[in-house]
Amino acid sequence: MTDQATERAQRLATLPFESSGPTSVRSVGGFVSAVREIFGQKELLDLLIRRELKSRYKDSSLGFVWSLIRPLTMLLIYYVFIGQVLGAARGVPDFAIFVYAGLTLWGLYSEIVTAGTSSIITNAGLIKKVYLPREIFPLASVGSALFNFAIQMGILLLATIALGQFPLSWDLLYVPVAVIIVIIYGTALALLLSALNVYLRDVQYLVEVAILLFFWASPIVYSWSFVVNATVQRGASWLGELYLLNPISISMIAFDRGIWKAGSEQRVIEGNVIPAQPWPEHMDIRLVITAIVGLVFVVIAQRIFARLQGNFAQEI
Amino acid sequence: MSSPAPESTPVVVRASDVSKRFVIRKDKSLKERVVNFGRSNKHKDDFWALRDVSLEISAGSTVGLVGANGSGKSTLLKVIGGIIQPDTGIVQRRGRLAALLELGAGFHPDLTGRENVFLNGAILGLSRKQTEQYFDSIVEFSEIGDFIDTQVKFYSSGMYVRLAFAIAVHVDPDLLLVDEVLAVGDEPFQEKCMAKIREFQKEGRTIVFVSHSSAQIEDLCDRVVVLSHGEAIFDGGTVDGLEALRESFGR
Ligand SMILES: Nc1ncnc2c1ncn2[C@@H]1O[C@H](COP(=O)(O)OP(=O)(O)OP(=O)(O)O)[C@@H](O)[C@H]1O
Ligand SMILES: [Mg+2]
């Protein structure tokens, strides 16, 4: 045996064994070690995020500009048709900021969920050949969605400054809270759905439809006061409560409260007095509870993911 | 016991009673599942691709894994590599692993060769700096030249394997799993790979080698494991192993 070989053997003898076998779903310890494993692969995560961003527009000549054209087109559509033609802007001050804020946060959520759902399938080439903590793929989708979100958030802030509506108040703190809640729920769903999608490809299409549907279940193109009018004043306040149980709705309201200055003020549009938005009661507590429930959901989703990922390589 | 002193040849892979069952569902979509709901068991075929395989591989050895088509060789390699989980049994492993499984490494088709080198480096646990150090010799070994900046989806299968092999042997693995990938390389490249594998043997690295070429097995391996219908029916010397392989074909 050569010296090099002996040296290697000696080193190997000191290493602990890593073992793989059937995983148990119930151990929370499994969650902790999975998190640790993923943190050990930060470099890889970083690379995968960049890959996702790069390959998305790789063969297009406008490249990243496309990631701006889409939301701006949506803004235009909602601003013109919902705002002006259907008249929603008459009840919502600074409608453009309001809609763009909604679209920005919604864009983050829907991108995390849709890209996350298909993330395992799109990375089949890697999954079939190498061992990795597979959570990394949905997480890379979260990362690239966050990157796009950051750009749009930048535009949003610039717009508020340009229009003289920069929301300089403590309410601005609602913005990061809302974003964090959206990330929590988006991540949980991305983990869960990406794993299910391997076994049942219909999940992907189901998600697309659900995203279309849920767009209208959050105050994005209509304001929270509209919901209050439609429920409380008709004696169906439980419906409003139900609405707030949707984590994205409550985050959306918090986001608006933070970034959309006009929402917290009384404004006059075309002679009509628009009162400040009737922000929900106990909003802070609601947000805290929503976040905690979301974290539990993440742990559960990861455990299910861990259980299902054992057979990924053979199913895709 | 007359086993060699543990510090000279530590065990690198230990598989105990590993079984793997595949369930083949013929219905993937929701519609088909709903339609076949009541009869879903009829629509499942399952069989054991691996049955109670136990195996210990000690550092520095080169194990040839042989068997007829469909006997479970690739499945066993994937289980050892942690890419699929066994249904029962446990696989323990230590040291850095590089795997070349069935046509190619884990490449991302949309990325260029260069980007894939860094991706694979990161997967194998190298930092960006370390990969940068190895980069030039990887490209040189693979001989793919300027194609390194082409997306790998435009590579020929030989080029693909060249790059994959070059990466796998440059990341300083302790354990190398090779599944038939060399067959698509041209002759000079196969020679080069063989030479590299011999060098690896001298450096005390462990190699598990799947091949249908008895000549290559005889040439490289010091131990042969024969699989037949998911069971390890032989484990021992190369010559006897190849004999057992020939006998197993009839079954
Ligand atoms: N993902 C999968 N789903 C279902 N069955 C599978 C899957 N992968 C492999 N099998 C089955 O398991 C058995 C063993 O396959 P495996 O690929 O391990 O054979 P092999 O020994 O590598 O054969 P070959 O010499 O042709 O490469 C085969 O019958 C194959 O059909
Ligand atoms: Mg095979």
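Residues numbered from 1 in each chain as written. Chains lettered and ligands numbered in written order. Predicted model: local features only at pLDDT ≥ 70, side-chain atom pairs only at ≥ 80, totals over all residues. Heavy atoms only, no water.

Engineer: Residue-level account of the interface of chain A and chain B, with values.
Structural biologist: Accessible area lost during the coming together of the parts is what is often quoted as the interface size. Listed per partner, the contact involves 51 residues of chain A and 58 residues of chain B. On the chain A side of the contact with chain B, Arg8(A), Phe17(A) and Lys129(A) bury the most area, a combined 17% of that side's loss. Summed over the shared surface of chain A and chain B, the number is four salt bridges. Across the pair Asp172(B) and Arg8(A) runs a salt bridge whose closest N-O atoms are separated by 3.5 Å. In this structure, the connection of chain A to chain B is made through 14 residue pairs in polar contact (both at pLDDT 80 or more). Sorting the residues of the side of chain A that touches chain B by element identifies helix 1 (3-14), strand 1 (18-20), helix 3 (42-56), helix 6 (124-127), helix 8 (174-199) and helix 14 (312-315) of chain A as the ones contributing at least two each. Among the elements that line the side of chain A that touches chain B, the one with the most residues is helix 1 of chain A, at eight residues. Partitioning the side of chain A that touches chain B into residue classes produces 21 nonpolar, 16 polar and 14 charged. As defined by bridge partners, strand 1 of chain A adjoins strand 4 (residues 88-93) of chain B across three bridges and the pair is classed as antiparallel. Each residue of the ladder has a partner; that of Glu18(A), found in strand 4 of chain B, is Arg93(B). (Contact = heavy atoms within 4.5 Å. Buried area = accessible area lost by both parts, 1.4 Å probe. Salt bridge = Lys/Arg side-chain N within 4 Å of Asp/Glu carboxyl O. Polar contact = N/O pair within 3.5 Å; in protein donor to acceptor, adjacent residues only side chain to side chain. Helix = DSSP H or I, 4+ residues; strand = E, 2+ residues; numbered from the N terminus. Nonpolar A, V, L, I, M, F, W, Y, C, P; charged D, E, K, R; others polar. Pairing = 2+ DSSP bridges.)

Engineer: Run through the site of ligand 1, naming residues and quoting values.
Structural biologist: Near ligand 1, the surroundings consist of 15 residues, among which Gln314(A), Gly70(B), Lys73(B), Ser74(B) and Thr75(B) are the closest. Around ligand 1, the neighbouring residues derive from chains A and B rather than from a single chain. Within the side chain of Glu180(B), an N or O atom sits 3.3 Å from an oxygen atom of ligand 1. Starting from 630 Å² of accessible surface for ligand 1 in isolation, the protein chains cover 71%. If you list the elements that add at least two residues to the shell around ligand 1, you get strand 1 (11-25), strand 2 (44-58) and helix 2 (73-80) of chain B. Counting residues per element, the shell around ligand 1 draws most heavily on helix 2 of chain B, at three residues. (Near = heavy atom within 4 Å. Areas by Shrake-Rupley, 256 points an atom, 1.4 Å probe, with all protein chains shown as cover.)

Engineer: So what's going on with the sheet that holds strand 6 (residues 175-179) of chain B? Which residues, and what values?
Structural biologist: Residue and element names in this part refer to chain B. Strand order in the open sheet formed by six strands is 5-6-7-3-8-9, and the pairing between neighbours is mixed. At either end of the open sheet lies a strand with only one pairing partner, and these are strand 5 (97-100) and strand 9 (231-236). Between one strand and the next, the sheet's axes are offset by a mean angle of 15°, whatever the strand orientation. Pairing of strand 3 (residues 62-67) with strand 7 (residues 206-210), which is carried by four bridges, proceeds in the parallel orientation. For glycine 64, the partnering residue across the bridge sits in strand 7 and is phenylalanine 209. Sheet strands touched by helix 5 (residues 157-170): strand 5 and strand 6. Its angle to strand 5, the strand with the most contacts, is close to 165°. Sheet strands in contact with helix 6 (residues 187-202) are strand 3, strand 6 and strand 7, and its direction is about 145° off that of strand 7. (Axes fitted to C-alpha atoms, helices over the stretch in contact; angles between N-to-C directions.)

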